[in-house]
Amino acid sequence: MPETQPTIVEVLPFDGGGRTYSYAVPPTLTGKIRLGQLVRVPLGSSTRIGIVWNADTENTAIPTAAPSSSHTPLLTGLTPPPLTALPSHKLKSILQLCHETPVLSPDLPALAKWISAYYAAPLNSVLETILPASVRHGTRPIIQKKLHISSPLDPESLAKLRRRAPKQAALYDFLASQITATVDRATVLKGLNIGTTTCDALIKAGIIEETSGHVSRDVYADDLADNEVVSATAPILNPSQQSALDDISADLASNSFGVRLLHGVTGSGKTEIYIGAILAALANDGAAIFLVPEVALTPQTVQRLRQRLANANTRVVVWHSLLSNGERFDAWMAMASGKARIVVGARSAVFAPLANLRLIVIDEEHEPAYKQSETPLYNGRDVAIYRARLNNALALPGSATPSLESLANTRSGKYRLSRLPFRIEDRSMPAFRIIDMRRELLHAHGQTILSRPLVDALRSRIERREQSILFLNRRGFSRQMICPACGFVAGCPHCSISLTYHRTSNSLRCHACGYSEPAPNSCPVCHSPKIRGRGAGTQKLEDTIRNIFPLARLARLDADTMGTKNFFRQILSDFRKGKLDILMGTQMLAKGLDFPNVTLVGIIDADISLHMADFRAAERTFQLLVQVAGRAGRGSREGEVLVQTFTPNASPILFAKQSDFDGFFDSELSLRNQYGYPPARHLIRHLFRSRDPQKVAFYAKGWIHFLEKNAPDLVEIRGPAPCPIERLQDNYRWNAWYFTNNVSHAVKHICLLRNRFHFDPAVSNLLDIDTVNLD
């Protein structure tokens, strides 16, 4: 039996410095508090919302979740600091219980502590990343009131009601005429112009009844969802698929932690394996997370899962950055309450509060998009694997072009490996043709974006009513605005990069900080009217296509066209229905999308990623070419890929042409091992920023000298040096690289030393663990 005296709990308030505080539970909440719940507490002179983090284990007033109540679990497996020794009557009390349902699943506090330690991030910022703002701020669910007739009136009673209270009779007649059992109260009263007292009188008389319930905003449950038609019956798997699914099912049945890499060529049916694995997890009353790298991939994936899992007795919820606060709140609470056991989403879906988590799918696991760009700088793929470990669950990363880190883990035995070497239904891989743009320029007349072979290929597809995808990973119209008379290049006043010309708004924009200014008509330095754009972006590509094929139906997908919430869904829906001939865009078209009528893929500039100042440039180029090429020939017709490049003999391009995965990875791994780059060792990037260029250089050099003196053998140090983009958002930036075989050991000691080093307040520094961004 619960004790009547208040119990003591530890609460971790948001914006409370990342530490816990002791509070007394008032008598009104005794027996109602669970670990992981949101509560409002006094802190200083204000009140804050926080998480119930720990409870007085000697006081049994905190109820224990029954085994069958998996939707309201206690948070276990933690080793929190001991609670305060003060008696409860000397402590401040919890003011309010925000939600009865705990908003964190049992493993999330332990996961938060690991992220904080591994990625050198404050615990408070980690929790703010895990819990969406709509949940942290104590948002309440929308309550909808509905009406229905509970005691039908006989004709005589109805006639009396019409004479005595005609408005009540009008409401009764309306409800009696409805096909649906219940109708929304607010809508009915407004439509009939009837006041609440009239309605309340019928309720009091017992003639009609009012019920209330939460309104659930179900993302993608609209007309656009009907365009993704998937059979509810599972297809017959080929031998490679069946072998992979059998291995995964055995992994799940073991109820132990494991990681299995699913390496399958484009079009090999990896999604069917994912669905089979999810069904196996659900069969054991488990839950699953399905991670995708791009928001554009979520509608397709969600609809496939909803149609295939229609009889699984669970909801499939969506999680990504384009959701409204209300949609985020509803999805989070559906997962926390156990009403939804499957979530599909981008990087942050890895924190879904699912109980009995058995499976985490990481689709396109190689994608840099899984790395968070703001503190905490976590990698969604690696966090997913650690969360699977906490739950004795299976992590299932998959890709046609796995990262070198994942492949190295399979070779060392850390990961298991399943291969899908062939496309489904024995479909052939697309023909791969390299176009040497050096030769094309010799014969160019007018436009130089599209080669003659690509123009001819597009024309033939339009004539045959087949579809094409054009990929150019650079948005805008022109890469630079340059004056040929004096050499002036328009640059961002806040960053050390050039401005991109956007013709749709006739403006110059910085793609790093968002700065914008009107495009000049003449050079601001020498006043020459010959100032012009140089280099091509997706806007210029669209303009060129419209000039060559004025009757072609085309659309562009990039960050500039994603202003409205469902625009990309509408475009992809139109393309799937055959309403468009050509779809062009940036990296969001490079992976995962499945359009059976696409027989041509054109890669406009394969050299963009190849010449980056990044040791991963070759790997990313190879992955990009293979992934984009994989959008062609996924139906009954053969596909073709045309790759335009000025470096046709570059090894990533030649390996991609031959679909030689093993050859490329062996070659690249050999180079990485030779120079000690990941995956041979971990790479930590230490970033220093300040508005004062002299200060940031001075303190970066001073810190490195301090680190070398106090821990000479801790890590191998490269730098410090200015970043490739030295100035960003008015901050001058330097960085240093640390190579190590033991991240946890290195980060722990670096943080301890950093606390002893006296940085100027004007200089900030940030550790990026396992960095993927070197700009």
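Residues numbered from 1 in each chain as written. Predicted model: local features only at pLDDT ≥ 70, side-chain atom pairs only at ≥ 80, totals over all residues. Heavy atoms only, no water.

### Topic: the overall build of the protein
Short version of the rule: Helix numbers and strand numbers start at the N terminus; a helix is a DSSP run of H or I with at least 4 residues, a strand a run of E with at least 2. Radius of gyration here uses only the C-alpha atoms, and the compact-globule reference equals 2.2 Å multiplied by the residue count raised to the power 0.38. Classification of residues uses two cut-offs on accessible area relative to the type maximum, computed with a 1.4 Å probe and protein chains only: under 20% is buried, over 50% is exposed, and between them is partly exposed. By definition in these notes, contact holds between two residues if any of their heavy atoms fall within 4.5 Å. Note that accessible areas follow from Shrake-Rupley with a 1.4 Å probe, and for residues the cover is restricted to the protein chains shown. We treat Lys and Arg as the positive residues and Asp and Glu as the negative residues; His and chain ends play no part in the count. To locate a charge, take atom NZ for lysine, CZ for arginine, CG for aspartate or CD for glutamate.
Scanning the protein from terminus to terminus reveals 22 helices and 30 strands. Radius of gyration (C-alpha) of the protein: 30 Å, near the 28 Å computed for a compact globule of 775 residues. When the backbone C-alpha atoms are referred to their principal axes, the protein occupies close to 90 × 70 × 65 Å. Looking at the protein as a whole, 54% of its 775 residues qualify as buried. A separation of at least 24 residues holds for 76% of the contacts in the protein among residues at least 6 apart in sequence. Roughly 34000 Å² of accessible area belongs to the protein as shown, and the carbon and sulfur atoms make up 50% of that amount. Averaging the locations of the 88 positively and 70 negatively charged side chains of the protein gives two centres separated by 4 Å.

### What about the sheet that holds strand β20 (residues 507-509)?
Applicable threshold: Pairing between two strands is assigned when DSSP locates at least 2 bridges connecting them. For helices, the fitted line uses only the C-alpha atoms of the stretch in contact; every axis is such a line through C-alpha atoms, and the angle between N-to-C directions lies from 0 to 180 degrees.
Spatial strand order, β19-β20-β21: three strands in an open sheet with antiparallel pairing. A single partner strand is all that each edge strand has here, and the edge strands are β19 (500-502) and β21 (516-518). Taking each pair of neighbouring strands and ignoring which way they run, the sheet shows an average axis angle of 30 degrees. Pairing between β19 and β20: three bridges, direction antiparallel.

### Observations regarding the sheet that holds strand β16 (residues 431-436)
Taken in spatial order, the six strands make up an open sheet running β16-β26-β25-β17-β24-β23, and their pairing is parallel. Edge positions in the open sheet fall to β16 and β23 (554-557), since each of these has one partner strand only. With strand direction ignored, the average angle separating the axes of adjacent strands in the sheet is 15 degrees. Sheet topology places strand β17 (residues 467-471) next to strand β25 (residues 598-603); five bridges connect them, and they run parallel. Paired with Gln 467 across the bridge in β25 is Val 598.

### Examining the confidence of the model for the protein
How we decide: What pLDDT reports is the predictor's confidence in each residue, on a scale of 0 through 100.
Residues with a pLDDT of 70 or more make up 90% of the protein, whose mean pLDDT is 85. For residues 1-6, every residue scores under 50 in pLDDT, and the model assigns this stretch 13 contacts once sequence neighbours within four places are set aside. Residue range residues 57-83 is modelled with pLDDT below 50. Its contacts to residues more than four positions away, or to other chains, number 58 contacts.

### Topic: the packing of aromatic side chains
Let me state the cut-off plainly: The pairing test for Phe, Tyr and Trp rings, Trp by its six-membered ring, is centres within 6.5 Å, and the orientation test on the planes gives stacked under 30 degrees, edge-to-face over 60, and tilted for anything in between.
Under the defined criterion, the tally for this structure stands at 25 aromatic pairs. With centroids separated by 4.9 Å and ring planes inclined at 80 degrees, the aromatic side chains of Phe 575 and Phe 595 adopt a geometry described as edge-to-face. Here the residue Phe 575 occupies a position in helix α17 (residues 567-576), and Phe 595 occupies one in the loop between β24 (582-585) and β25, the gap between them amounting to 20 residues. Considered together, Phe 575 and Phe 595 belong to a single accessibility category, that of buried residues. With a centroid separation of 6.4 Å and an interplanar angle of 85 degrees, the aromatic rings of Tyr 677 and Trp 737 are classed as edge-to-face. Pair noted here: Tyr 677 is in the loop between α20 (661-675) and β27 (682-690) and Trp 737 is in strand β29 (residues 731-740), with a separation of 60 residues, a long-range link. Of the two residues examined, Tyr 677 and Trp 737, each falls in the buried class. Taken together through their ring pairs, the aromatic side chains of Phe 622, Phe 655, Phe 661, Phe 664 and Phe 665 make up a single cluster.

### So, the nonpolar core
Inclusion rule: Side-chain atoms within 4.5 Å are what join buried Ala, Val, Leu, Ile, Met, Phe, Trp, Tyr and Cys residues into a set we call a nonpolar core.
Counting 82 residues, the largest nonpolar core has Trp 332, Trp 703 and Tyr 738 as the members making the most contacts within it. In terms of residue count, helix α21 (residues 693-710) provides more of this core than any other element does, eight residues in total. Formed by 72 residues, the second largest nonpolar core is a distinct cluster that contains Ile 248, Ile 273, Leu 305 and Phe 595.

### A few points about the pattern of salt bridges
Keep this limit in mind: Salt bridges are defined as contacts in which a side-chain nitrogen from Lys or Arg sits within 4 Å of a carboxyl oxygen from Asp or Glu.
Tallied over the full model, the rule gives 37 salt bridges. Across the pair Arg 162 and Asp 173 runs a salt bridge, and its minimum N-O distance is 3.0 Å. Here the residue Arg 162 occupies a position in helix α4 (residues 155-164), and Asp 173 occupies one in helix α5 (residues 166-177), the gap between them amounting to eleven residues. Relative accessible area serves as the criterion here: at 42%, Arg 162 is assigned to the partly exposed category.

### Points about unusual backbone geometry
Residues Pro 678 and Pro 679 are joined by a peptide bond in cis, for which omega reads 15 degrees. Mapped onto the elements, Pro 679 comes out in the loop between α20 and β27. That bond from Gly 719 to Pro 720 is cis: its omega, 15 degrees, falls within 30 degrees of zero. Along the polypeptide, Pro 720 turns up in strand β28 (residues 716-728).

### Here's the deal with the pairing of strand β14 (residues 394-399)
Remark: a regular strand shows side chains that alternate across the two faces of the sheet. Under the convention used in this document: Whether a crossover is right-handed depends on one test, that the path from the first strand over the helix to the second runs clockwise when the strands point away from the viewer.
Of all six residues in β14, six are buried, a share of seventy percent or more. Relative to β14, strand β9 (residues 258-264) is paired through four bridges, and the arrangement is parallel. Looking at β14, one finds that Gly 258 is bridged to Leu 394. Sheet topology places strand β13 (residues 357-363) next to β14; five bridges connect them, and they run parallel. Following the sheet pairing, Leu 359 is matched in β14 by Leu 394. Read as a crossover between parallel neighbours, the route from β13 over helix α12 (residues 380-390) to β14 is right-handed.

### A short note on the side chain of Ser 268
For clarity, the threshold we go by: Think of a polar contact as two N or O atoms within 3.5 Å of one another; within protein, one of them needs to be a possible hydrogen donor and the other a possible acceptor, and neighboring residues in sequence only count if both atoms come from side chains.
Relative to the helices and strands, Ser 268 is located in the loop between β9 and α9 (270-283). Look at Ser 268 and you get buried, because its relative accessible area is 1%. Of note is the side chain of Ser 268, whose polar atom sits 2.7 Å from the backbone oxygen of Val 265.

### Topic: the state of the cysteines
The condition is simple: Put simply, a disulfide is two cysteine sulfurs that come within 2.5 Å.
Under the criterion given, the structure shown has zero disulfides. Cysteine Cys 526 remains unbridged, with the sulfur of Cys 483 as its closest cysteine sulfur at 3.6 Å.

### Focus on the pairing of β17
Among the five residues in β17, five count as buried, and that is most of the element. Along β17, one buried face is formed by Gln 467, Ile 469 and Phe 471 and the opposite face, lined by Ser 468 and Leu 470, is buried too. Pairing analysis gives four bridges linking β17 to β24, with the strands arranged parallel. Residue pairing across strands places Ser 468 opposite Ile 582, the latter belonging to β24.

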